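Single-letter residue listing:
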Amino acid sequence: MRSMKVFISIGVVLSVVNCIFFDHGDSSDGSYSDSSGEGRGHHHKHGPRPPRPNRPPRPPPATPPPTTPAPSCPGGWSLIHRRRGPWCIQVFNGAAGLEGSNNACRAQGAVLSSVENAQERETIARLGLEKMLPTGWKYGTIRVGLRKNSQGAPWYNTDGSTDANNLEGVLWSPAEPRNGNWGGVQLNCATMWLWGGIFEGGRIHGQFFTNICLANNPNDRYRGYVCGKPA
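Please read all numbers here as calculations on a predicted model, not as lab measurements.

Draft legend 1. Broad picture of the confidence of the model for the chain. Mean pLDDT over the chain works out to 83, with 78% of the residues at or above the 70 mark. Under a pLDDT of 50 for its full length, residues 16-43 has, in the predicted model, 0 contacts with residues more than four places off or in other chains.

If you want it as structure tokens, here you go:
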């Protein structure tokens, strides 16, 4: 009976030891498995770096504003600066009256030019001498677009490209402008006097005096007219 108790006691002890041993093993395996799994979960593999974003292209240099070409005149024409814009003038030989000179200028794509300012007046006087002297004449006249409608009426410009009543460019010779007539015809037009060495009747080179608006002027001196058109 006593030996049976000893045997039972040994069996109980072995059972307890066996349970403790296997429970610890299971716990270790589970812990190892968990830690191994956790270790694998935190192991990151680094791939290639993503490409850097491209820099935006530099803007092209600013385009300068378009430049306006300087005004110019065709060959043989001279540039004049007027309030309404650049103006081209040229002196031609011819003894025509007011209307005939206007028609001759229209054939050049121009009009009989008035005189707006001192620069224009001085340029016409210089161009007139350049035309006159090669002809052998030492004095003469240049017809311009300046007239009045009747005795005592105001003078005005006729070319339509300057103010009709702007007479700043008109410089009269002494005792001018005159009323009256010549040969029974009223002095309703004006011409510029050219003087190349001979002084006549108090007239001054490059200044104006009254004249008649004839169909044609007599061929008793150099005669010319000045045409004008926009540049």
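Now that the structure has been shown, the text picks up again.
Draft legend 2. Spotlight on the packing of aromatic side chains. With the rule as written, the count across this model stands at 6 aromatic pairs. With a centroid separation of 6.1 Å and an interplanar angle of 70°, the aromatic rings of W77 and F92 are classed as edge-to-face. Taken together, the residues span a long stretch of sequence, with W77 in the loop between α1 (2-41) and β1 (78-82) and F92 in strand β2 (residues 85-93) at a distance of 15 residues. Ring centres of F92 and Y225 lie 5.8 Å apart, and the angle between their planes is 20°; on these two criteria the pair is classed as stacked. Pair noted here: F92 is in strand β2 and Y225 is in strand β10 (residues 222-230), with a separation of 133 residues, a long-range link. Since its relative accessible area comes to 14%, F92 is described here as buried. Following the ring pairs from residue to residue traces out a cluster consisting of W137, Y139, W193 and F209.

Draft legend 3. Local environment of the nonpolar core. One finds I89, I124, I142, V144 and V226 to be the most contacted residues of the largest nonpolar core, which totals 20 residues. Among the secondary structure elements, those contributing two or more residues to this core are β2, α3 (118-132), β4 (139-147), β8 (189-195) and β10. With 4 residues, the single largest contributor to this core is α3. Apart from residues no more than four positions distant in its own chain, I124 is found in contact with I89, V91, V115, I142, M192 and V226. Counting residues in hydrophobic clusters, the runner-up holds 11 residues, among them C73, C88, Y225 and C227.

Draft legend 4. Quick peek at the pattern of salt bridges. Here the structure, examined in full by the defined rule, presents 9 salt bridges. A salt bridge links E168 to R83, with the shortest nitrogen-to-oxygen separation between them at 2.9 Å. Residue E168 is found in the loop between β5 (156-157) and β6 (181-182), and its partner R83 is found in the loop between β1 and β2; the two are separated by 85 residues along the sequence. Looking at R83, the relative accessible area reads 55%, which means it is exposed. When salt bridges with common partners are traced through the structure, they connect R82, E120 and D159 into a single cluster.

Here is what the cut-offs are and how they apply
The residue numbers shown here count from 1 along each chain, following its written sequence. Whole-chain, interface and lining totals are the exception, using all residues; otherwise, since this is a predicted model, local features are given only for residues with pLDDT of at least 70 and side-chain atom pairs are given and counted only at 80 or more. Note that the side-chain values use all heavy atoms of the structure and ignore hydrogens as well as water. Per-residue confidence from the predictor is reported as pLDDT, which spans 0 to 100. Between two residues, a contact is recorded if the distance between any of their heavy atoms is within 4.5 Å. Note on aromatic pairs: the rings of Phe, Tyr and Trp (six-membered ring only in Trp) are paired at centre separations within 6.5 Å, and the planes decide the class, stacked below 30 degrees, edge-to-face beyond 60, tilted for the rest. Numbering of helices and strands runs from the N terminus, with a helix taken as a DSSP run of H or I at least four residues long and a strand as a DSSP run of E at least two residues long. Summary of the burial criterion: residues with accessible area below 20% of their type's maximum are buried, those above 50% are exposed, and those between are partly exposed, where the area comes from a 1.4 Å probe applied to protein chains only. Working definition of a nonpolar core: buried Ala, Val, Leu, Ile, Met, Phe, Trp, Tyr and Cys residues. They are joined through side-chain atoms within 4.5 Å. By definition here, a salt bridge exists when the distance from a side-chain nitrogen of Lys or Arg to a carboxyl oxygen of Asp or Glu is within 4 Å.

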